[in-house]
Amino acid sequence: MEKNVLVVDDDEVIIRSCEAVLSGEGFKVTGATSSKDAMNLIDDRVFDLVITDLIMPTIDGFELIKWINEHHQYTRVIAMTGYSSKAVLRDAIALDIMDFLPKPFFPHTLTEAVTKALNTPPKVPVPTKAVETYDKAKFQSILQKYRQRPGSLIIVLQEVQELIGYLPASVQKIIAKAMKIPVSEVHAVVSFYSYFTMKPMGKYNVRVCLGTACYVKRADEILEKLKETMGVNEGEITHDSLFSLETVRCIGACGLAPVVLVGTDTFGSVDPAKAKEILSEYR
Ligand code: FES
């Protein structure tokens, strides 16, 4: 399948040069001349790889990479810069990039770096219901159903999250427009309720309560057992996209402590061994 590569550089000549080299190798290349434009593009479609300059005005490449790591962890990143000091290299590597290209570089250096990066699995799998693949007709029918009903934002967000699996910024923008409210209002609600997520989730989202009542009953050991069994850390998705792992603070079921949630199912009096058994029920 054709791989999508986004090249981000405030110098259009660099974008065009990368495009000339990479499209000749069969890659589909899109360009962005600012981090802001890049963020909008990344919110709207899945890129297999982002190649970004580091020194750019307003939002630099370091900030862009941090944002990608937080919101689109499945996107691989290569950094490039004409200011390749040891400090820049060290700071870029600390952001867990896949490669570093000091400018200027030879065409074959770029092709080799891109091919190598794309042959490496992403840090987390691309969400199965990525932004392009969800049922857009159903999404529109949800918006249609509630757009004339004031105060129905939460229910819209619930239904859309059920449909897509998460609420990326691009989806929040469409919801805000349909409901005729500021996107900041949608974002505030999504950020406030722990039920809503802006990150892609596995088919089953596993949440371990680390509130006080659960913590004193060894919830931290349950979390460690789940990490070990699933092979992921908090905030990550298993490679088969079946599970994602999160922690939450008190869900109001302290009498059942320690508590683990799998999707909407609640399990009480869990211990590390039972946590492992619970996972196997969903496999
Ligand atoms: S502390 Fe875990 S449910 Fe209250």
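It should be emphasised that the depicted structure is a prediction, and the values quoted were computed from it without experimental measurement.

A. Local environment of the domain arrangement of the protein. What the domain assignment reports for the protein is domain 1 (4–118), domain 2 (136–192) and domain 3 (204–282). Domain 1 and domain 2 are separated by 31 Å when their C-alpha centres are compared. Overall, the association of domain 1 and domain 2 removes approximately 310 Å² of surface from exposure, summing both partners, and the carbon and sulfur fraction of that is 37%. Counting the contacts that link domain 1 with domain 2 gives 0 salt bridges. Linking domain 1 with domain 2 are 1 residue pair in polar contact (both at pLDDT 80 or more). Looking at side-chain class alone, the side of domain 1 that touches domain 2 contains 1 nonpolar, 1 polar and 2 charged residues.

B. Layout of the nonpolar core. By size, the foremost hydrophobic cluster in this structure holds 27 residues, and its most contacted members are Val206, Leu226, Met230 and Leu245. Those elements that provide at least two residues to this core are β6 (204–209), α11 (219–230), β7 (243–248), β8 (260–262) and α12 (272–282). Broken down by element, this core gets its largest block of residues, 5 residues, from α11. Leaving out residues up to four positions away in the same chain, Met230 has contacts with Val206, Thr238, Phe243, Ser244, Leu245 and Leu279. Membership of the second largest hydrophobic core comes to 24 residues, among which are Ile164, Ile175, Val190 and Phe196.

C. Spotlight on the sheet that holds strand β5 (residues 99–102). One open sheet holds the 5 strands; their spatial order is β2-β1-β3-β4-β5, and the pairing between them is parallel. The outermost strands of the open sheet, each flanked by one partner alone, are β2 (28–32) and β5. Between one strand axis and the next, the sheet turns through 20 degrees on average, direction left out of account. Pairing between strand β4 (residues 76–81) and β5: 4 bridges, direction parallel. Bridge pairing in β5 links Met80 to Leu101.

D. Just the packing of aromatic side chains, in detail. Within this structure, the stated rule accounts for 5 aromatic pairs. With 6.2 Å between their ring centres and 90 degrees between their planes, Tyr193 and Phe196 make a pair best called edge-to-face. The class of Tyr193 is partly exposed, set by a relative accessible area of 36%. Aromatic side chains Tyr204 and Phe243 sit 6.0 Å apart centroid to centroid with 40 degrees between the ring planes, which places their arrangement in the tilted category. Here Tyr204 is found in strand β6, whereas its partner Phe243 is found in strand β7, with 39 residues between them in sequence. A network of ring pairs unites the aromatic residues Tyr204, Phe243, Phe267 and Tyr282 as a single cluster.

E. Expanded view of the sheet that holds β7. Read across the open sheet, the 4 strands follow the order β7-β6-β8-β9; overall the sheet is mixed. In this open sheet, the two edge strands, each paired with only one partner strand, are β7 and β9 (265–267). Across this sheet, the average inter-strand angle for adjacent strands is 20 degrees, counted without regard to direction. Bridge count for β8 against β9 is 3 bridges, and the pairing is antiparallel.

Conventions and cut-offs
- Residues numbered from 1 in each chain as written.
- Predicted model: local features only at pLDDT ≥ 70, side-chain atom pairs only at ≥ 80, totals over all residues.
- Heavy atoms only, no water.
- Domains from an automatic or database assignment.
- Buried area = accessible area lost by both parts, 1.4 Å probe.
- Salt bridge = Lys/Arg side-chain N within 4 Å of Asp/Glu carboxyl O.
- Polar contact = N/O pair within 3.5 Å; in protein donor to acceptor, adjacent residues only side chain to side chain.
- Nonpolar A, V, L, I, M, F, W, Y, C, P; charged D, E, K, R; others polar.
- Core = buried A, V, L, I, M, F, W, Y, C linked by side-chain atoms within 4.5 Å.
- Buried < 20%, exposed > 50% of the residue type's maximum accessible area, 1.4 Å probe, protein only.
- Helix = DSSP H or I, 4+ residues; strand = E, 2+ residues; numbered from the N terminus.
- Contact = heavy atoms within 4.5 Å.
- Pairing = 2+ DSSP bridges.
- Axes fitted to C-alpha atoms, helices over the stretch in contact; angles between N-to-C directions.
- Phe/Tyr/Trp six-rings, centres within 6.5 Å; stacked < 30°, edge-to-face > 60°.

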